[in-house]
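What follows is the residue order along each chain.
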Amino acid sequence: MSAAAAAAGTYTPAAEAGGKRREKREELRRHLAEHADWPRADGRSIHDCRPACGWRYRSALVLPSPFAATSAARVLAQLQEAPATQAQTHTQFPAMSAAAAAAGTYTPAAEAGGKRREKREELRRHLAEDADWPRADGRSIHDCRPAFMQTGPTTAASGSAYAEFGKTKVIVSVFGPRESKKAMLYSDTGRLNCSVSYTTFATGIRGQGLENKEYSGMLHKALEGAVMLHTFPKTTVDVFALVLESGGSDLPIIISCASLALADAGIMMYDLVTSVSVSCLGKNVIIDPTSDEEAWQDGGLMVSYMPTRREITQLTLTGEWSDGKITNAVELCMDACSKLCEILRERLKDTAVLENE
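The notes below deal with the structure included here. Fair warning: this is a prediction, and the values are worked out from it, not measured in the lab.

A word on the environment of Ala-329. If you trace the backbone, Ala-329 turns up in helix α9 (residues 323-356). In this structure the C-alpha to C-alpha distance between Ala-329 and Cys-280, which are 49 residues apart in sequence, comes to 8.9 Å.

Pasting the structure below:
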């Protein structure tokens, strides 16, 4: 900005900043024309990307129809043919230096993140040395938590169920079939509405009791293939799941508990749906992970399964997996789902006996 322009009253700080940016841009262009591979401000070359930390993506098995499940044999065949799914991750985060802390860039969140990374690396080293390591709750890597399930905790609902797996506690209520509140045209099939929410005291962070829309959609997809929607046309069945305490593997427990609640409500189903998840930690695959194990995992897999029909209603993968691990993990989940289904059937039989008495 010239002295004459400033004297004329046209000078502004924004104009001065714009002029500096234009000068810097022209200087950079001249530098690019003279040097083919010039060092950038952060030390990278022109063909280098910035380091990325903790990239993750989610992939899900696409079923042929929203109302159709997929046979277990077909799923395993697809997994064997598919290439390995690997997420891009940055293996090591830079440690907080004393100079950075003295400069005022230190934060408690950064310190907590460093401690979590150190604990994760220590766990990975432990996994590499011991094939069957004892978990925090005393289980082996292929043992599920003790399951407690009960029907009828909510008397106002058409059907309800309560499930407790370790520290994870879930209650599900089913209402309907009832007339839909939303105006819609006549349909030969009914509607299934699912909602998953957390109490304000479910997690360690207080006041986070909100509806989880992602879990609500995944619960709907897991149950949609098992419910006979054509048996209640132009009506709606509402499924409300409430997580009382979150201790890991929340969604699989919600799906299993919702299946039990639907059966308790008398909703016609092709088969009970049970769900189990596994986590990949180092070279090992552990079943029914806790919240801490899910935070440390390299990858996660969840299977929703109808044991009698041997059909998978939903399969979800996250993180890093190899072909061999995926196949073994799916077979491990299917076996655990079959055992869990027996618990659900025994609970329904006990409820029927009590009602007849």
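This brings us to unusual backbone geometry. Between Gly-176 and the following residue, Pro-177, the backbone shows a cis peptide bond with an omega angle of 5 degrees. Of note, Pro-177 is situated in strand β5 (residues 168-179). Residues other than glycine seldom take positive phi values, yet Ser-249 does so here, at roughly 55 degrees. With respect to the helices, strands and loops of the structure, Ser-249 is situated in the loop between β7 (235-245) and α7 (250-264). Overall, Ser-249 belongs to the buried group, its relative accessible area being 2%.

What follows is about α7. Between its terminal C-alpha atoms α7 stretches 21 Å, which fits the 21 Å expected from 15 residues at 1.5 Å a residue. Judged by how many residues are buried, α7 sits mostly within the fold: 13 of 15 residues are covered. The first or second residue beyond α7 is Gly-266, which carries a positive phi of 80 degrees.

All right, on to the packing of aromatic side chains then. Taken as a whole and judged by the stated rule, the model has two aromatic pairs. With 6.2 Å between their ring centres and 65 degrees between their planes, Phe-148 and Tyr-162 make a pair best called edge-to-face. Residue Phe-148 is found in strand β3 (residues 147-151), and its partner Tyr-162 is found in strand β4 (residues 159-165); the two are separated by 14 residues along the sequence. Judged by relative accessible area, Phe-148 falls into the partly exposed class, the value being 40%. A relative accessible area of 15% means that Tyr-162 is categorised as buried. Residues Phe-175 and Phe-240 carry aromatic rings whose centres are separated by 5.9 Å and whose planes lie at 70 degrees to one another, so their mutual orientation is edge-to-face. Of the two residues, Phe-175 is situated in strand β5 and Phe-240 in strand β7; the sequence distance between them amounts to 65 residues.

Attention now moves to α9. Since the α-helix packs 3.6 residues into each turn, any two residues three or four apart lie on the same face. Across its 34 residues, α9 extends 50 Å between first and last C-alpha, which sits within 8% of the 50 Å expected from 1.5 Å per residue. Three or more residues of α9 are buried, namely Ile-326, Thr-327, Ala-329, Val-330, Cys-333, Met-334, Ala-336, Cys-337, Leu-340, Cys-341, Leu-344 and Thr-351.

Below, the discussion takes up the sheet that holds β3. With mixed pairing, five strands are arranged side by side in an open sheet as β3-β4-β5-β7-β6. For this open sheet the edge positions go to β3 and β6 (191-198), each flanked by a neighbour on one side alone. Neighbour-to-neighbour, the strand axes of the sheet open up by a mean angle of 15 degrees, direction not taken into account. Its contacts with the sheet put helix α6 (residues 213-224) on β6 and β7, and the angle it makes with β6 is roughly 140 degrees. Across the sheet, α9 is in contact with β3 and β4; its angle to β3 comes to roughly 35 degrees.

We now examine the pattern of salt bridges. In this structure the tally under the stated criterion is eight salt bridges. Notably, a salt bridge pairs Asp-238 with Arg-178, separated by 2.6 Å at the nearest N-O pair. A residue pair is termed long-range when its members are at least 10 positions apart, and Asp-238 in strand β7 and Arg-178 in strand β5 qualify at 60 residues. Arg-309 is the partner of Glu-311 in a salt bridge, and the nearest nitrogen-oxygen pair spans 3.4 Å. With a relative accessible area of 39%, Arg-309 lands in the partly exposed category.

Attention now moves to the packing of α6 against α7. Close contact between α6 and α7 brings their axes to 10 Å; oriented N to C, the two are set at 50 degrees. As judged from the angle between their axes, α6 and α7 are oblique. Our pair here, α6 against α7, has a crossing hand that is right-handed. Between α6, through Tyr-215, Met-218, Leu-219, Ala-222 and Leu-223, and α7, the contact on the second element is made entirely by Asp-250, Leu-251, Ile-254, Ile-255, Ala-258, Ser-259 and Leu-262.

The rules behind these values
Starting afresh in each chain, residues are numbered from 1 along the sequence in its written order. Given that the model is predicted, a residue must reach a pLDDT of at least 70 before its local features are reported, and side-chain atom pairs must reach 80 or more before they are shown or counted; all residues, however, enter totals for whole chains, interfaces and linings. Only heavy atoms go into the side-chain values, all of them from the structure, while hydrogens and water stay out. Each helix corresponds to a stretch of at least 4 residues labelled H or I by DSSP, and each strand to a stretch of at least 2 residues labelled E; elements are numbered beginning at the N terminus. The cut-offs for exposure are 20% and 50% of the maximum accessible area for each residue type, with area from a 1.4 Å probe on protein chains only; residues under the lower value are buried, those over the upper are exposed, and the others partly exposed. Each helix should span, by expectation, one fewer than its residue count multiplied by 1.5 Å. Put simply, two rings from Phe, Tyr or Trp (the six-membered ring, in Trp's case) pair if the centres are within 6.5 Å, and we call them stacked under 30 degrees between planes, edge-to-face over 60, tilted for the rest. Two strands make a pair as long as DSSP finds a minimum of two bridges between them. To get an axis, a line is fitted to the C-alpha atoms, and for a helix only the part in contact is used. The angle between two axes follows their N-to-C directions and goes from 0 to 180 degrees. Two residues qualify as a contact provided that any one of their heavy atoms is within 4.5 Å of a heavy atom in the partner residue. By definition, a salt bridge exists where a carboxyl oxygen of Asp or Glu is found within 4 Å of a side-chain nitrogen of Lys or Arg. Orientation labels follow simple angle bins: below 35 degrees gives roughly parallel, above 145 gives roughly antiparallel, 65 to 115 gives roughly perpendicular, and whatever is left gives oblique. By definition, any crossing whose near helix is turned counterclockwise from its far helix by less than a right angle is left-handed, and any crossing with a clockwise turn is right-handed.

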